[in-house]
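Survey of secondary and tertiary structure
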Amino acid sequence: LDQMRRNIDAWWPLVEGGEVEALIMNASGCGVMVKDYGHALAHDADYAEKARRISALTFDLCEWLPQMLPALREALRPEAVRAAGRQAYHPPCTLQHGQQLKGGVERLLSDLGFEVQVAGAESHLCCGSAGTYSVLQPELSKQLRERKLGHLAGLQPEGILSANIGCITHLQSGTRVPVRHWVELLDEALA
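Summarised in this report is the structure supplied together with it. (Residues numbered from 1 in each chain as written. Predicted model: local features only at pLDDT ≥ 70, side-chain atom pairs only at ≥ 80, totals over all residues. Heavy atoms only, no water.)

**Side note on the sheet that holds strand β3 (residues 86–89)**
On the basis of which strands lie adjacent, the open sheet formed by four strands has the order β4-β3-β5-β6 and parallel pairing. On the outer flanks of this sheet lie β4 (115–118) and β6 (179–181), each paired with one strand and no other. Neighbour-to-neighbour, the strand axes of this sheet turn through a mean angle of 35°, independent of strand direction. Each of β3, β4 and β5 (159–162) is contacted by helix α9 (residues 104–111), which is oriented at about 160° to β4, the strand it contacts most. (Pairing = 2+ DSSP bridges. Helix = DSSP H or I, 4+ residues; strand = E, 2+ residues; numbered from the N terminus. Axes fitted to C-alpha atoms, helices over the stretch in contact; angles between N-to-C directions. Contact = heavy atoms within 4.5 Å.)

**Some points on the state of the cysteines**
Linking two cysteines covalently via their sulfur atoms produces the bond known as a disulfide. Inspection of every chain in the model, using the stated rule, returns zero disulfides. Counting only cysteine sulfurs, Cys167 is the nearest neighbor of Cys62, a cysteine outside any disulfide, at a range of 14 Å. Take Cys62: its relative accessible area is 6%, and that puts it in the buried class. With no disulfide of its own, Cys127 has Cys167 as its nearest cysteine by sulfur position, at a separation of 3.7 Å. (Disulfide = S-S within 2.5 Å. Buried < 20%, exposed > 50% of the residue type's maximum accessible area, 1.4 Å probe, protein only.)

**Considering the pattern of salt bridges**
By the definition in use, this model includes nine salt bridges. The partner of Glu63 in a salt bridge is Lys35, and the shortest N-O contact between them spans 2.7 Å. You can see Glu63 sitting in helix α5 (residues 61–64) and its partner Lys35 sitting in helix α2 (residues 28–35), a full 28 residues away along the chain. For Glu63, a relative accessible area of 31% gives the class partly exposed. A salt bridge links Arg180 to Glu188, with the shortest nitrogen-to-oxygen separation between them at 2.7 Å. Since its relative accessible area comes to 19%, Arg180 is described here as buried. Several salt bridges converge on common partners, so that one network encompasses Asp2, Arg5 and Asp44. (Salt bridge = Lys/Arg side-chain N within 4 Å of Asp/Glu carboxyl O.)

**What to know about the nonpolar core**
Grouped together as the largest cluster of nonpolar side chains are 24 residues, with contacts concentrated most on Tyr89, Leu112, Phe114 and Trp182. Looking at this core, the elements with two or more residues in it are α5, α6 (69–75), α7 (78–83), α9 and α13 (182–189). Ranked by residues supplied to this core, first place goes to α13 with four residues. Setting aside residues no more than four positions away along its own chain, Phe114 makes contact with Leu76, Val81, Ala84, Leu109, Leu185, Leu186 and Ala189. Of all hydrophobic cores here, the second largest spans 14 residues; its members include Ile8, Tyr37, Ala51 and Ile54. (Core = buried A, V, L, I, M, F, W, Y, C linked by side-chain atoms within 4.5 Å.)

**Examining α9**
If you check which residues of α9 are buried, you get Gly104, Val105, Glu106, Leu108 and Leu109. Where α9 terminates, the next one or two residues include Gly113, which has phi positive at roughly 100°.

**Re the side chain of His90**
By secondary structure assignment, the location of His90 is in the loop between β3 and α8 (93–98). The class of His90 is buried, set by a relative accessible area of 1%. When sequence neighbours within four positions are dropped, the list of residues in contact with His90 reads Leu125, Cys127, Lys148, Leu152, Leu161, Ser162, Ala163, Cys167 and Leu171.

**A few points about helix α4 (residues 48–57)**
Listed in full, the buried residues belonging to α4 are Ala48, Ala51, Ile54, Ser55 and Leu57. Residues of α4 that are buried sit in contact with α1 (2–16), β1 (23–25), α2, α3 (37–40) and β2 (58–60).

**With respect to the pairing of β3**
Both β3 and β4 contribute to a ladder of four bridges, which runs parallel. Counted as the bridge partner of Gln87 is Val116 from β4. Pairing analysis gives three bridges linking β3 to β5, with the strands arranged parallel. When the bridges of β5 are listed, Ala88 appears paired with Ile160.

This is how it looks when you write it as structure tokens:
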């Protein structure tokens, strides 16, 4: 809770001064946590209202970028989009279950011309990273990772994308296929 309060203290002058219209999170684990500040600090007399405001201002990148589709399309290099090839997307639990944002990343990238697919089987399941789970339960975590990678490999992707650093790191430890954050793919294709 102390770290939440420190974050609020750092952001609050910009929020209060009207200099910030949103807090955009590109790591889904961070986003789900910051969106929960209002609940976590609801009984803190000094921070409850500020925490509610911070939570209300917090958006995942996949929620924010769709409003920028025309500008993004204009800035994309079509040859870079084509060169990306087929990409598999692993929707992290923190995005699809924690933030209830299902399909947003895939839709955004597809709308921009990228070929992005989600595994047809068990895309809703955890990859095994789950915060410290991969450290505390390494055998089960590895089994989940291998199961997830098996489904993703069936797509025969050029790369695997996700929105959570824990998932990215965990999945990469079990495959030679490059695993990275989806916004890196988008960034590479921008002029």
